[in-house]
Amino acid sequence: MDDRFNTIAGWVLFAGIVALGSSIVAGEVFHSERPEKMGYPIAGVVEEGEGGAAAAEEPIEAYLAKADVAKGQQVFNKCAACHNADKGGANQLGPNLWGVLGEPIGQGKGFAFSDALAKKGGNWDWDNLSQWLTSPRGFAPGTKMTFAGLGDPQDRANVIAFLNSKSDAPKPMPAAPAETKAGAELPANSAPAGTGPDNGPQKAETEPVLKTELSGKTPQTRGGDAAGLTPKKP
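The paragraphs below set out a description of the structure included in this document.

Parameters and conventions
- Residues numbered from 1 in each chain as written.
- Predicted model: local features only at pLDDT ≥ 70, side-chain atom pairs only at ≥ 80, totals over all residues.
- Heavy atoms only, no water.
- Helix = DSSP H or I, 4+ residues; strand = E, 2+ residues; numbered from the N terminus.
- Buried < 20%, exposed > 50% of the residue type's maximum accessible area, 1.4 Å probe, protein only.
- Contact = heavy atoms within 4.5 Å.
- Patch = residues over 30% accessible without salt bridge, like charges linked within 9 Å, V, L, I, M, F, W, Y side chains within 5 Å.
- Areas by Shrake-Rupley, 256 points an atom, 1.4 Å probe, with all protein chains shown as cover.
- Salt bridge = Lys/Arg side-chain N within 4 Å of Asp/Glu carboxyl O.
- Polar contact = N/O pair within 3.5 Å; in protein donor to acceptor, adjacent residues only side chain to side chain.
- Core = buried A, V, L, I, M, F, W, Y, C linked by side-chain atoms within 4.5 Å.
- Arc of directions from axis to C-beta.
- Axes fitted to C-alpha atoms, helices over the stretch in contact; angles between N-to-C directions.
- Parallel < 35°, antiparallel > 145°, perpendicular 65-115°, else oblique.
- Nonpolar A, V, L, I, M, F, W, Y, C, P; charged D, E, K, R; others polar.

1. Thoughts on the overall build of the protein chain
When you go through the protein chain residue by residue, the secondary structure sums to 7 helices and 0 strands. Counting all 234 residues of the protein chain, 24% fall into the buried class. Once local pairs closer than 6 in sequence are excluded, the contacts in the protein chain between residues at least 24 apart make up 49%.

2. Things to note about a nonpolar patch on the surface
A grouping of Trp11, Phe14 and Val18 is seen on the molecular surface, where their side chains present a nonpolar patch of about 350 Å² in accessible area. Among the structural elements, tryptophan 11 can be located in helix 1 (residues 2-29).

3. Topic: helix 5 (residues 126-134)
Counting buried positions along helix 5 gives 7 out of 9 residues, so the element sits mostly inside the fold. Taken together, the buried positions of helix 5 are occupied by Trp126, Asn128, Leu129, Ser130, Trp132, Leu133 and Thr134. In this structure, the buried residues of helix 5 make contact with helix 2 (60-64), helix 4 (115-118), helix 6 (136-139) and helix 7 (153-165). For helix 5, the N-terminal cap is aspartate 125; the gap from its side-chain oxygen to the backbone nitrogen of aspartate 127 is 3.1 Å.

4. Observations concerning the nonpolar core
Leu117, Trp124, Leu129, Trp132, Ile160 and Leu163 are the most contacted members of the largest nonpolar core, which has 26 residues in total. The greatest single-element share of this core, amounting to 5 residues, is contributed by helix 7. Among all residues touching tryptophan 124, those that are not within four sequence positions of it are Val100, Leu101, Gly102, Glu103, Pro104, Ile105, Gly106, Leu117, Leu129, Trp132 and Phe139.

5. Describing unusual backbone geometry
Positive phi, close to 65°, is recorded for lysine 109, a residue that is not glycine. Following the sequence through the fold, lysine 109 ends up in the loop between helix 3 (69-76) and helix 4. Residue lysine 109 is classed as partly exposed on the basis of its relative accessible area of 31%.

6. Focus: helix 3
Every buried residue of helix 3 is listed here: Gly72, Val75 and Phe76. All buried residues of helix 3 fall inside an arc of 100° around its axis, so they share one side. Structurally, helix 3 contributes buried residues whose contacts are with helix 7. Where helix 3 starts, the residue carrying a side-chain oxygen 2.9 Å from the main-chain nitrogen of alanine 70 turns out to be aspartate 68.

7. Some details on the environment of alanine 178
You can see alanine 178 is positioned in the segment after helix 7. Given a relative accessible area of 68%, alanine 178 falls into the exposed group.

8. Section: the packing of helix 3 against helix 7
Across the interface, helix 3 lies against helix 7 with an axial gap of 7 Å and an inter-helix angle of 100°. By the angle between their directions, the pair helix 3 and helix 7 is classed as roughly perpendicular. On helix 7, the residues touching Val69, Lys71, Gly72, Gln73, Val75 and Phe76 of helix 3 are Asp155, Asn158, Val159, Ala161, Phe162, Leu163 and Ser165. Class assignment of the residues belonging to the contact of helix 3 with helix 7 gives a composition of 7 nonpolar, 4 polar and 2 charged.

Here you go:
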């Protein structure tokens, strides 16, 4: 009886050793590193904290000047789970957005705004609405808004144009700001100060100019040829 028990125990122990060894070998063969960033990106949405880091971004007015209301409505569909922009529409998880441009920030509409947004002060305009859509938590730290933000400035401009259209009195869209490029090219008929038409040194107005009498005589020089002229022999 003892021999039989020992045999069974031995096989059980052997099976455990084999299972443990197999798991170790499998872990080495199919080992994968933990990804540096968890999750996966969503098109048109920036990660939290990256909203204000767009490089060389122009003022929002530059994008509003070419905004497309229809495209803005398509982007706004991402917001439709929490908001509506219908006149007289009910609040949902977020407030109704009819006539939002010009309204007090975080006030009214019978909605319980977070203190973080309610204390911002001022009214919604082109610029601060763009900042909000870029990164709600960056604009108002502590806000209840969970949307990460829109990274593409043209998407933001399109959404703002759409929201502007959802109003009893839509505001005129702003014109694109004047371009102020550093080092802009000068007109063709002008030249930088201190240079001539061939970009060489410009002669001063008081610089003496060699004049010769129109008498047909060849000017004489000393010490050899000068400007291709040969001195007369004595």
